[in-house]
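Understanding the architecture of this molecule
Next come the chains, spelled out residue by residue.
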Amino acid sequence: MWASWWLLPLVAVCTADRFREEAERIMRSTPVIDGHNDLPWQLLTKFNNRLRDQRANLTSLAHTKTNIPKLKAGFVGGQFWSAYTPCNTQNKDAVRRTLEQIDVIHRMCQMYPETFMCVTDSQGIRQAFQEGKVASLVGVEGGHSIDSSLGVLRALYHLGMRYLTLTHSCNTPWADNWLVDTGDDVAQSQGLSPFGQSVVREMNRLGVIVDLSHVSLATMKAVLRLSKAPVIFSHSSAYALCAHRRNVPDDVLRLVNQTGSLVMVNFYNDYVSCTPEATLSQVADHLDHIKAVAGAGAVGFGGDFDGVSRLPSGLEDVSKYPDLVAELLRRQWTEAEVRGALAANLLRVFEAVEQASNHAESPEEEPIPLGKLETSCRTKYGYSEAPSLHQQPGALLASLAPLLLSLCLL
């Protein structure tokens, strides 16, 4: 009896080691594709995107949750890097800031070609896996980054953007954000405006994944009804376990199941436990819940590393992914389910988005109504209210009449 009591802790340690070893075995052939990492934002705020600054060396980068050794230890094989610019850039320099963040992602691949491979399609991810590199993709976080322009949306696609989060924590002129559901913001589009619908259709046409993290409940449902391709939540968790409006409620999870879409679980403590403290086990609870409601094919990882201030005990940085996978195995997830959550589910969604795209189809062209825009810092070229050097002589004289009259009265 005493001998068996003494052996219990040793048995527990050996069992834990077995699950960890099994996790590493699986991840060697199916590394994790993470849906959201804010390292590019850290590079901006700490080094103004100067990658040659000695302190910015990604092999020894300190005081971040992400660097090259941690990525390798975590078996990270694919990463959507966030090209993020805050809401206070809306109607100002959002497009420029977004371009600079896309640029720094491309330069990461150029500066560390032995580690990162910038890719733009599902086949590129598979190629990076084969070469043992981190498939690096661009996710633009916040619809304000396109400045309500379908032309900018298309330009960002050509620069490598493969998902667009429709809002950040602010409304765009065409989609509502999650703060509408808390009462801290006012609905402007009742989910998605007619122009917002054009944005979603154009993303479908191009092959850009629609990301619904940060959007309002009405926006989630409107997009899930409209989109011809599956969508993702790149970094959101389960509302049933933590009633935070950044999370996904069960009725939406059922729509996720019906549309073949994907929820990539966020690790931010406030979205995991609704308190400042959380644990790896509680993150696994979210994965369990989403699997139970939306199906095993609807689960992924979207850690939000380097974008949040509090992370669970046991998931302190990107090196800890094998411990989370070991926990899922301990909870009797099958190997196929684990491989799905790691990569296969995202690859399935990405391939479906690619198959739904149609570059031969005519692009969306109808601009957003001028009245929907904040116009104090923008010109109005192209809108009927805007003066044009190409007006007919009669129209030009009519537009100059008030000025001529005022001169006559001098």
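Residue numbers restart at each chain and count upward from 1, following the sequence in its written direction. At least 70 in pLDDT is required for a residue's local features to be given in this predicted model, at least 80 for side-chain atom pairs to be given and counted, and no such filter applies to totals for whole chains, interfaces and linings, which use all residues. Remark: hydrogens and water are excluded; side-chain values derive from all non-hydrogen atoms of the structure.

Side note on the overall build of the protein chain
Working definition: helices are DSSP H or I runs of at least four residues, strands are E runs of at least two. Numbering for both runs from the N terminus. Tallying secondary structure elements over the protein chain gives 15 helices and nine strands in all. Counting only contacts in the protein chain whose residues sit at least 6 apart along the sequence, the fraction spanning at least 24 positions is 71%. For the area figures, the Shrake-Rupley method with a 1.4 Å probe applies, and any residue is considered shielded solely by the protein chains shown. When the accessible surface of the protein chain is totalled, it reaches about 18,200 Å², and 54% of it is carbon and sulfur. Only heavy atoms matter for contacts: two residues are in contact if any of them lie within 4.5 Å across the pair.

Observations regarding the pattern of salt bridges
A pair can form between side chains of opposite charge whenever their charged atoms are brought close. Whenever Lys or Arg places a side-chain nitrogen within 4 Å of a carboxyl oxygen from Asp or Glu, that contact is recorded as a salt bridge. On inspection of all chains with the given rule, the structure shows 24 salt bridges. Of the charged contacts, one joins E100 and R97 as a salt bridge, the two residues approaching to 3.9 Å between their closest N and O atoms. With E100 and R97 both in helix α4 (residues 94-111) and three residues apart, the pair spans about one turn of that helix. Across the salt bridge formed by K133 and E131, the nearest N and O atoms sit 3.6 Å from each other.

Some words on the pairing of strand β1 (residues 32-37)
A 1.4 Å probe rolled over the protein chains alone gives each residue an accessible area, and that area as a share of the maximum for its type sets the label: buried under 20%, exposed over 50%, partly exposed in between. The element β1 is largely enclosed, with a buried count of six among its six residues. Looking at chain direction, β1 and strand β2 (residues 76-84) are connected through four bridges and run parallel. When the sheet's bridge partners are listed, V32 is paired in β2 with V76. If DSSP finds at least two bridges between two strands, the strands pair.

Regarding the environment of T334
Mapped onto the elements of the fold, T334 is located in the loop between α13 (321-330) and α14 (335-356). With 38 residues separating them in the primary sequence, T334 and A296 have C-alpha atoms 9.9 Å apart.

A word on the confidence of the model for the protein chain
pLDDT is a per-residue confidence score from the predictor, ranging from 0 to 100. Residues with a pLDDT of 70 or more make up 90% of the protein chain, whose mean pLDDT is 93. In the predicted structure, residues 387-410 sits below a pLDDT of 50 and forms three contacts with residues beyond four places in sequence or in another chain.

Looking at the packing of helix α2 (residues 39-47) against α4
With their axes 10 Å apart at the nearest point, α2 and α4 run at an angle of 105° to one another. The angle between α2 and α4 places the two elements in the roughly perpendicular class. Of the residues in α4, those touching α2 at L39, P40, W41, L43 and L44 are R97, Q101, V104, I105 and M108. Here the contact of α2 with α4 is built from residues that sort into eight nonpolar, one polar and one charged. For helices, the fitted line uses only the C-alpha atoms of the stretch in contact; every axis is such a line through C-alpha atoms, and the angle between N-to-C directions lies from 0 to 180 degrees. Angles below 35 degrees are treated as roughly parallel, those above 145 as roughly antiparallel, those between 65 and 115 as roughly perpendicular, and all remaining angles as oblique. Under the scheme applied here, ten amino acids are nonpolar (Ala, Val, Leu, Ile, Met, Phe, Trp, Tyr, Cys and Pro), four are charged (Asp, Glu, Lys and Arg), and all others, including Gly, are polar.

Quick word on the pairing of β2
Taking burial as the measure, the nine residues of β2 include nine buried ones, the bulk of the element. Two strands pair when backbone bridges link them, and β2 and strand β4 (residues 134-141) are joined in this way by seven bridges, in the parallel orientation. Counted as the bridge partner of A83 is V140 from β4.

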